[in-house]
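So you can see what is in the structure, the chains are spelled out below.
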Amino acid sequence: MTYNNKPKPDDRSDNVEKLQSMIHDTIENIEAAEESLAFTDSETQRQQIKAKNERRRESIESYRSEIKDEV
C-alpha cells in the first residue's frame, strides 16, 4: 500500500477576508451577549458574560493585528 501524504499548499490568499468575517461574527456575539445581560438576574452569569466578552475583544485585537501582518 502506498500513501500519498503530501501536505496541502499553504494558500493564504483569502486570509484577510476570513479574518474580517471572524471579526464581524465576534462583534455580533458580543452584542448578543450584552443584550442577554438584561434578561439575567444571576450575578455569576453576568460576570461570566462580561469575562467572555472581554476575551472576545482580545480576540478581535488579535485578528486585527493578523490582518495588518497579512497586508
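Heads up: the structure comes first, above all this text.
Cut-offs and rules
- Residues numbered from 1 in each chain as written.
- Predicted model: local features only at pLDDT ≥ 70, side-chain atom pairs only at ≥ 80, totals over all residues.
- Heavy atoms only, no water.
- Salt bridge = Lys/Arg side-chain N within 4 Å of Asp/Glu carboxyl O.
- Helix = DSSP H or I, 4+ residues; strand = E, 2+ residues; numbered from the N terminus.
- Buried < 20%, exposed > 50% of the residue type's maximum accessible area, 1.4 Å probe, protein only.
- Axes fitted to C-alpha atoms, helices over the stretch in contact; angles between N-to-C directions.
- Parallel < 35°, antiparallel > 145°, perpendicular 65-115°, else oblique.
- Left-handed = near helix turned anticlockwise from the far one by under 90°.
- Nonpolar A, V, L, I, M, F, W, Y, C, P; charged D, E, K, R; others polar.
- Lys, Arg positive; Asp, Glu negative; His and termini not counted.
- Contact = heavy atoms within 4.5 Å.

**Student:** Lay out the pattern of salt bridges with the relevant residues and their values.
**Tutor:** In total, this model carries 3 salt bridges according to the counting rule given. The salt bridge involving Lys18 is made with Asp14; its shortest N-O contact spans 3.7 Å. For the salt bridge of Glu61 with Arg64, the shortest nitrogen-to-oxygen distance reads 3.5 Å. One end of the pair is Glu61 and the other is Arg64, both in helix 2 (residues 43-70) and 3 residues apart, which spans about a single turn. Since its relative accessible area comes to 48%, Glu61 is described here as partly exposed.

**Student:** Mind laying out the packing of helix 1 (residues 15-36) against helix 2, listing which residues take part and the relevant values?
**Tutor:** It is the contact of helix 1 with helix 2, at a shortest axis distance of 9 Å, that shows an interaxial angle of 165 degrees. Relative to helix 2, helix 1 is oriented roughly antiparallel. Where helix 1 crosses over helix 2, the two elements pack in a sense that is left-handed. Counted by class, the contact of helix 1 with helix 2 contains 11 nonpolar, 6 polar and 6 charged residues.

**Student:** Tell me about the side chain of Arg56, and please be specific about residues and values.
**Tutor:** Structurally, the position occupied by Arg56 is in helix 2. Buried within the structure, Arg56 lacks any salt-bridge partner; Glu34 is the closest side chain of opposite charge, at an N-O distance of 8.4 Å. If we ignore the near neighbours within four places in the chain, the residues touching Arg56 are Thr26, Asn29, Ile30 and Ala33.

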